[in-house]
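# Per-entry structural report
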Amino acid sequence: MQLNEIISVCERFAPLSISKEYCANFGHYDNSGTILNCGNKINKILCSLDFSLGAVKEALDGGYGLIITHHPAIFGGIKSIDEEGDELSKKLALCIKNGISVYSCHLNLDAAEQGVDYFLMKGLGGKEEKVMDKLSQGGYGRAYSVCEQTFKSFYQNAIKVFNSNKCRVYGKDDKIIKKVASFCGAGTDEKAINFALLNGVDAFVSSDMKHHNITALCEKGVAVIELTHYASENYGFINACKIMLKNISLPVKYHTDEIYL
């Protein structure tokens, strides 16, 4: 398949218009879309949350013609592409040299109707959701009901589902959890906290959390699970990509950098 054919399939599921609307409405920045087009016919696809050295090496070793990432392979400006340069420059040079194209779907996949943020909720057992940042298609940040359980049961299940041994928890083990708010990636700020409190949640789940935000929630009696950024998104990225790419008749593999879980 040609790259433009694959992109057409991806953008039917997670159109770039989602990212553009999200940035325009809520003041974010993104660089989703085609990062590197080597012009080669694509034979196999490797999906990786990050444009990591491990992903590039697996693509090289396995003969993959395309890497699809969640986090944009190039987020800001770069001055040069050099095999002897910095790490990003080296990875890009390796891909160019070996004909590996790169496509990134970031905020558009976060906020897609069955995107990364949606699957964070589903992995936590959520239903009957309310969305914080609503878009014409999809949205970001969710509050929802879960089956009644203790906080200990809730966080133990989260550790299992998201395959993360690095998460931190704040709250009493016997606290009863019936309603949860979650935000994939670095989604914790005063707006998210207010949304969670207004919806009467018992637990709050996100990553990259600042101390004052954790204390603000705990002082209101809200239990907190702080996943790693990677764990909060990789589960959803894989599940979203499986739906997004289900009609593409090419081998697809999912790369995981386990050190970040």
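The model shown is predicted, which means the values in this text are computed figures rather than measured ones.

### Concerning the sheet that holds strand 1 (residues 33–36)
With respect to topology, five strands assemble into an open sheet ordered 1-4-3-2-11, the strand pairing being mixed. The open sheet has two edge strands with one neighbour each: strand 1 and strand 11 (252–255). Across the sheet, the mean angle from the axis of one strand to that of its neighbour is 25°, orientation sign disregarded. Note that strand 1 and strand 4 (residues 101–104) share three bridges and pair antiparallel. Paired with glycine 33 across the two strands is serine 104, which belongs to strand 4. Where helix 1 (residues 3–13) meets the sheet, its contacts fall on strand 1, strand 2 (45–48), strand 3 (66–69) and strand 4, and the angle it forms with strand 4 comes to roughly 15°.

### Section: the pairing of strand 2
Along strand 2, one buried face is formed by Ile45 and Cys47 and the opposite face, lined by Leu46 and Ser48, is buried too. Since strand 2 and strand 3 lie parallel, the crossover through helix 3 (residues 53–62) that links them has a hand, and here it is right-handed. Two strands pair when backbone bridges link them, and strand 2 and strand 11 are joined in this way by four bridges, in the parallel orientation. What sits directly across from leucine 46, in strand 11, is lysine 253.

### Comments concerning helix 2 (residues 16–26)
All of the buried residues along helix 2 are Ile18, Ser19, Tyr22 and Cys23. Seen end-on, helix 2 carries its buried residues on one side only, within an arc spanning 125°. For helix 2, the exposed residues set more than 90 degrees away from the buried face come down to Lys20 and Ala24. Taken together, the buried residues of helix 2 touch helix 5 (107–110), strand 5 (127–134) and strand 6 (139–150).

### So, the sheet that holds strand 10 (residues 223–227)
What the six strands build is an open sheet, ordered 5-6-8-9-10-7; its pairing is mixed. The open sheet has two free edges, formed respectively by strand 5 and strand 7 (168–170), since each of these has just one partner strand. Across the sheet, the axes of successive neighbouring strands diverge by a mean angle of 20°, strand direction being ignored. Where strand 5 and strand 6 come together, five bridges link them in antiparallel fashion. When the sheet's bridge partners are listed, lysine 134 is paired in strand 6 with glycine 139. In the packing of helix 7 (residues 151–161) onto the sheet, the strands contacted are strand 6, strand 7, strand 8 (176–182), strand 9 (203–207) and strand 10, and the crossing angle to strand 6 comes to about 125°. On top of the sheet, helix 9 (residues 211–219) reaches strand 7, strand 9 and strand 10; it is set at about 150° to strand 10, its chief contact.

Conventions we followed
Residues numbered from 1 in each chain as written. Predicted model: local features only at pLDDT ≥ 70, side-chain atom pairs only at ≥ 80, totals over all residues. Heavy atoms only, no water. Pairing = 2+ DSSP bridges. Helix = DSSP H or I, 4+ residues; strand = E, 2+ residues; numbered from the N terminus. Axes fitted to C-alpha atoms, helices over the stretch in contact; angles between N-to-C directions. Contact = heavy atoms within 4.5 Å. Buried < 20%, exposed > 50% of the residue type's maximum accessible area, 1.4 Å probe, protein only. Right-handed = clockwise from strand over helix to strand, strands pointing away. Arc of directions from axis to C-beta.

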